[in-house]
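Survey of secondary and tertiary structure
If you want the building blocks of each chain, they are given just below.
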Amino acid sequence: MSSDNARRFRAALVQLRAGRSIADNLPKAEALIREAARGGARYIQTPENTALMELEPERVLKQIRPESESAPLALFRALAGELGVWLHLGSLGIELDGKRIANRSYLIDPNGAVAARYDKLHLFDVDLPGGESYRESDYYNPGSKAVVAALAIGGVQARLGMTICYDLRFPALYRALAQAGANMIAIPAAFTKQTGAAHWHTLVRARAIETGSYVFAAAQGGLHENGRSTFGHSMIVSPWGEILAEAGEDPCAVFAEIDLARVDDARTRIPALKHGRDFEIEIVEASGATMRQAS
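Here is a short report on the structure shown in this document. (Residues numbered from 1 in each chain as written. Predicted model: local features only at pLDDT ≥ 70, side-chain atom pairs only at ≥ 80, totals over all residues. Heavy atoms only, no water.)

1. Observations concerning the overall build of the protein
Per the secondary structure count, the protein includes 6 helices and 19 strands. Here the protein has a C-alpha radius of gyration of 19 Å; the compact-globule value for 295 residues is 19 Å, and the two agree. When its C-alpha atoms are laid out on the principal axes, the protein stretches across 65 × 50 × 35 Å. Taken across its 295 residues, the protein has 51% of its residues classed as buried. Carbon and sulfur atoms make up 49% of the accessible area of the protein, which totals about 13100 Å². (Helix = DSSP H or I, 4+ residues; strand = E, 2+ residues; numbered from the N terminus. Rg over C-alpha atoms; globule rule 2.2 N^0.38 Å. Buried < 20%, exposed > 50% of the residue type's maximum accessible area, 1.4 Å probe, protein only. Areas by Shrake-Rupley, 256 points an atom, 1.4 Å probe, with all protein chains shown as cover.)

2. Things to note about the packing of aromatic side chains
If you walk through the whole model with that rule in mind, you get 5 aromatic pairs. Relative to Phe170, the ring of Tyr166 lies with its centre 5.3 Å away and its plane at 85°, an arrangement referred to as edge-to-face. Among the residues examined, Tyr166 registers a relative accessible area of 18% and is labelled buried. Their ring planes at 10° and their centres at 6.5 Å tell us that Tyr214 and Phe216 sit as a pair that is stacked. Across this residue pair, the class does not change: Tyr214 and Phe216 are buried. (Phe/Tyr/Trp six-rings, centres within 6.5 Å; stacked < 30°, edge-to-face > 60°.)

3. Details of helix H1 (residues 22–38)
Between the first and last C-alpha of H1 there are 24 Å, a value that for 17 residues agrees with the 24 Å anticipated at 1.5 Å per step. On its buried side, H1 packs onto strand S1 (8–15), strand S2 (43–45), helix H2 (57–63), helix H3 (71–83), strand S3 (86–95) and strand S17 (252–259). Backbone geometry just downstream of H1 places Gly40 in the positive-phi region, at approximately 95°. (Expected span 1.5 Å × (residues − 1). Contact = heavy atoms within 4.5 Å.)

4. Some details on helix H4 (residues 171–179)
If you check which residues of H4 are buried, you get Leu173, Tyr174, Leu177 and Ala178. Taken around the axis of H4, the buried residues stretch over an arc of 130°, which confines them to a single face. The inward-facing, buried residues of H4 abut strand S5 (114–119), strand S9 (147–153), strand S10 (156–162), strand S11 (184–186), helix H5 (193–211) and helix H6 (261–269). Where H4 terminates, the next one or two residues include Gly181, which has phi positive at roughly 115°. (Arc of directions from axis to C-beta.)

5. Quick word on the sheet that holds strand S12 (residues 214–217)
Reading across the sheet, the 6 strands line up as S9-S10-S11-S12-S15-S16 and stay open at both edges, with mixed pairing between neighbours. In this open sheet, the two strands that pair with only one neighbour each are S9 and strand S16 (243–246). Sheet twist, expressed as the average angle between the axes of neighbouring strands with direction ignored, equals 20°. Pairing of S9 with S10, which is carried by 7 bridges, proceeds in the antiparallel orientation. Within S10, the residue paired with Ala150 across the bridge is Arg159. Relative to the sheet, H5 contacts S11, S12, strand S15 (235–237) and S16, its axis offset from that of S15 by approximately 30°. (Pairing = 2+ DSSP bridges. Axes fitted to C-alpha atoms, helices over the stretch in contact; angles between N-to-C directions.)

6. Examining unusual backbone geometry
Notably, Asn49 is not glycine yet its phi reads approximately 60°, a positive angle. Here Asn49 shows up in the loop between S2 and H2.

7. Remarks on the packing of H4 against H5
Put simply, H4 and H5 touch, their axes get as near as 9 Å, and they point 40° apart. Relative to H5, the crossing made by H4 is right-handed. Facing Pro171, Tyr174, Arg175 and Ala178 of H4, the residues of H5 in contact are Arg207, Glu210 and Thr211. By residue class, the composition of the contact of H4 with H5 is 3 nonpolar, 1 polar and 3 charged. (Left-handed = near helix turned anticlockwise from the far one by under 90°. Nonpolar A, V, L, I, M, F, W, Y, C, P; charged D, E, K, R; others polar.)

Right under this line is the structure:
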């Protein structure tokens, strides 16, 4: 496998255990972002719900603001500019109309400007064993656009596909992002402990393997102030499916060296992105009659 030094950079994931107060959460996130920058990372990603982990809509709406008034966004924009890094906020809650919220991811460039935004497409409405229940659609507005962002990390040209948490379970989204030019995929998350233990490693690695892309998946981890537990295990995965860096459950920063030449190598070895075909589904009934459905 050949490698081009001009296509290498250092990346970091910041794992958090956010609580119910934005004012308390921001200094903890800032400290770990600074640690990541000191460690040489030029691309730094934080988890979903970076500034606030809260399940009660009324408590969320009391603390968040529209994008133009968002104190967390202003803080992190200034921090990215100060540190001279690409800072990817996994998501912030953004007030839309006083009643509805956007779960919005921000890619901030080294000058502190917002380079790209992505609103979570797939909302987590589930009932888990043990009485754990989530209804994001009760107060979040789903996004309507997938996003691929171009970024220059030092001299390295990259394209980042932006997703959030529950999006992970919809593989067609990731194939579409890769076919649109993404060679890196972001999956910042706040996976529940139950579903994370069952599926997190398998799904994150699968998205990397299926698309031949690097995957960056910063996560929330541990028992939160709201009483819910998240899985943690933030991971950086190579285009061949190798776990290059992984956290445990506690807040921390983890690092990996990224070489985008490995994307080209993986996609050459397994060119599945070029081999997709349209097809029909044939449903065969017990009587022997058939129905065809376009796909």
